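So the chains spell out like this:
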Amino acid sequence: MRFTDLRSAGLALSSKLEAYRGREDALVLALARGGVAVGLEVAKHLRLPLDILLIRRLLVPHGPDAPLCAVSFGGTLFVDEEVAARTQATHDAALEHFIADALGELAHSERACRGQRPPIDLKGKTVLLVDNGICTGSTMRVAIRALRSSVPARVVAAVPVAASEALAGVEAAADELVCLASPEPFGHVGLWYADFKRPTDDEIQEMLEESERELKGASKS
């Protein structure tokens, strides 16, 4: 199967997540950038709040499939503990400056995308973690690892398309995995979309605002 664009993929994905429709303890967290349009349609269809998650890779001491990262999710910053340990152990000024710059860039991206929205509390919540697809699974696993620090009740990884060999690792990290298709050979995620254009910072802000308007409208109806 090939999706028309990210929004159409999100609409298709939402049909597999009906069990979470309208739940007060649930929300959609979309991986920026590629997952935001997908997450928007999921959030709109299920009448759930939408927020975003951004990842900045910092170090790859264990190889590209297991990076150490900084993650901003819903206004909360998470940094893998091993990053600080390695920085302190090496006393490398260049590394310290790199980490500081990377965290600054992540904070700037968050402000550009989320605006002045306050942080959200994920403790005890069901988080629908949405992306446009899974290739190796490393990005989704990093996101789940970060989310666990906020003690959500449940993390549901949800994607329209994924490489079959990556599913087991993500399924082990999440509480539930929802995937519409795992075609073979897979190649890369963009192959499965006719239009794979990712949104700009301004467009992400507009999507968050659209989600908020939809949610307010649904609560009044």
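Anything mentioned here points back to the structure above.
The text that follows walks through the structure, step by step, so that each part is easy to find. Everything numeric here is computed off the predicted structure, so don't read it as measured data.

A word on the pairing of strand 2 (residues 50-59)
The element strand 2 is extensively covered by neighbouring structure, given that 7 of its 10 residues are classed as buried. Two elements, strand 1 (residues 26-31) and strand 2, share 4 bridges in a ladder whose sense is parallel. Its bridge partner lying in strand 2, Leu31 is registered against Leu53. When strand 2 meets strand 3 (residues 68-73), the two strands line up antiparallel, connected through 6 bridges. Among the inter-strand pairings, Leu53 is bridged to a residue of strand 3, identified as Phe73.

Some points on helix 2 (residues 36-46)
Of all 11 residues in helix 2, 9 are buried; the element is thus mostly enclosed. Within helix 2 the residues assigned to the buried category are Val36, Ala37, Val38, Gly39, Leu40, Glu41, Val42, Ala43 and Leu46. Tucked into the core, helix 2 has its buried residues touching helix 1 (6-14), strand 1, strand 2, strand 5 (126-130), strand 6 (154-161) and helix 7 (201-220). The positive-phi residue at the C-terminal boundary of helix 2 is Arg47, with phi of around 55°.

A look at helix 4 (residues 93-114)
With 22 residues, helix 4 extends 31 Å from end C-alpha to end C-alpha; this agrees with the ideal 32 Å at 1.5 Å per step. Within helix 4 the residues assigned to the buried category are Leu95, Ile99, Ala102, Leu106, Glu110, Ala112, Cys113 and Arg114. Here helix 4 starts with a cap whose side-chain oxygen sits 2.9 Å from the backbone nitrogen of Ala94, and that cap is Asp92. In the stretch just after helix 4, Gly115 is the one whose phi turns positive, near 70°.

Re the sheet that holds strand 1
Taking strand neighbours across the sheet as the criterion, the 7 strands line up as 4-3-2-1-5-6-7 in an open arrangement whose pairing is mixed. Because the sheet does not close on itself, it has two edges, and the strands there are strand 4 (76-79) and strand 7 (176-181). The sheet shows a mean angle of 20° between the axes of neighbouring strands, taken without regard to direction. Its contacts with the sheet put helix 5 (residues 138-148) on strand 1, strand 2, strand 3, strand 4, strand 5 and strand 6, and the angle it makes with strand 2 is roughly 110°.

Overview of the packing of helix 1 against helix 2
At a minimum axis distance of 7 Å, the contact between helix 1 and helix 2 shows a crossing angle of 40°. Judged on the interaxial angle alone, helix 2 and helix 1 are oblique. Along this stretch, helix 1 crosses helix 2, giving a crossing that reads as right-handed. For the pair formed by helix 1 and helix 2, the contact residues are Leu6, Arg7, Gly10, Leu11, Leu13 and Ser14 on the first element and Ala37, Val38, Leu40, Glu41, Val42, Lys44, His45 and Leu46 on the second. Along the lines of polarity and charge, the residues of the contact of helix 1 with helix 2 split into 8 nonpolar, 3 polar and 3 charged.

Rules used throughout
- Residues numbered from 1 in each chain as written.
- Predicted model: local features only at pLDDT ≥ 70, side-chain atom pairs only at ≥ 80, totals over all residues.
- Heavy atoms only, no water.
- Buried < 20%, exposed > 50% of the residue type's maximum accessible area, 1.4 Å probe, protein only.
- Helix = DSSP H or I, 4+ residues; strand = E, 2+ residues; numbered from the N terminus.
- Pairing = 2+ DSSP bridges.
- Contact = heavy atoms within 4.5 Å.
- Expected span 1.5 Å × (residues − 1).
- Polar contact = N/O pair within 3.5 Å; in protein donor to acceptor, adjacent residues only side chain to side chain.
- Axes fitted to C-alpha atoms, helices over the stretch in contact; angles between N-to-C directions.
- Parallel < 35°, antiparallel > 145°, perpendicular 65-115°, else oblique.
- Left-handed = near helix turned anticlockwise from the far one by under 90°.
- Nonpolar A, V, L, I, M, F, W, Y, C, P; charged D, E, K, R; others polar.

Everything listed here is a matter of coordinates, which is why it stays silent on function.
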